[in-house]
Amino acid sequence: MTVLRPEGAGTARILVFRADAVQRAIELGSHVVTIGRGAQNDLVLDDPGRTISRFHAEVRLEDGGYVLVDLGSQNGTWSGEMRVDRVELKRGTPIMIGPYRLIYDDTPLG
């Protein structure tokens, strides 16, 4: 799969952790990445306890950086101890969605 990136952009990805184990990584580009427990999402988060909404959040490229936007989820998206509707993604900052911890990483590969 080829991922389009804005000109001059490095490799950016979201690492998805459950407990302390990486479950997967999803590469970011210029397209919107949808996140939720519904099968239609780009990043499907399995959640039998239903703490994650079917369409929970999305990651967008805005003004040369990535932002994560909560889509009105019932249980929220958390950064640190704060519930957030929108958060600019910065390297290493954890974002919590249900039992998952999402970490933005733009460290060059190789």
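Bear in mind the structure is a predicted one, so any value in this text is a computation, not a measurement.

**Some details on the packing of aromatic side chains**
Next, step 1: Under the definition given, this model contains one aromatic pair.
Next, step 2: Ring geometry for Y66 against Y104: centres 6.0 Å apart, planes inclined by 50°, an arrangement best described as tilted. Highlighted residues: Y66 in strand 6 (residues 65-70) and Y104 in strand 11 (residues 100-105), separated in sequence by 38 residues. Summarising the burial analysis for this pair, Y66 and Y104 share the class buried.

**Some remarks on the pairing of strand 11**
Next, step 1: Most of strand 11 sits inside the fold, with five of its six residues counted as buried.
Next, step 2: With six bridges connecting them, strand 1 (residues 12-18) and strand 11 associate as antiparallel partners. Bridge pairing in strand 11 places L15 opposite I103.
Next, step 3: Sheet topology note: the strand 10 (residues 94-97)/strand 11 ladder contains four bridges and is antiparallel. Bridge pairing in strand 11 places I95 opposite L102.
Next, step 4: Here strand 10 hands over to strand 11 after two residues, with G98 in that stretch at a positive phi of 55°.

**With respect to the nonpolar core**
Next, step 1: Counting residues in each nonpolar core, the largest one holds 22 residues, and the members touching the most others are V59, L68, L89 and L102.
Next, step 2: For this core, the secondary structure elements donating two or more residues are strand 1, strand 2 (21-28), strand 3 (33-36), strand 5 (57-62), strand 6, strand 10 and strand 11.
Next, step 3: With residues near it in sequence (within four places) discarded, L102 still touches I14, L15, V16, I35, L43, L68, T93, P94, I95 and I97.

What counts and how
Residues numbered from 1 in each chain as written. Predicted model: local features only at pLDDT ≥ 70, side-chain atom pairs only at ≥ 80, totals over all residues. Heavy atoms only, no water. Phe/Tyr/Trp six-rings, centres within 6.5 Å; stacked < 30°, edge-to-face > 60°. Helix = DSSP H or I, 4+ residues; strand = E, 2+ residues; numbered from the N terminus. Buried < 20%, exposed > 50% of the residue type's maximum accessible area, 1.4 Å probe, protein only. Pairing = 2+ DSSP bridges. Core = buried A, V, L, I, M, F, W, Y, C linked by side-chain atoms within 4.5 Å. Contact = heavy atoms within 4.5 Å.

Purely geometric stuff here, so don't read any function into it on its own.
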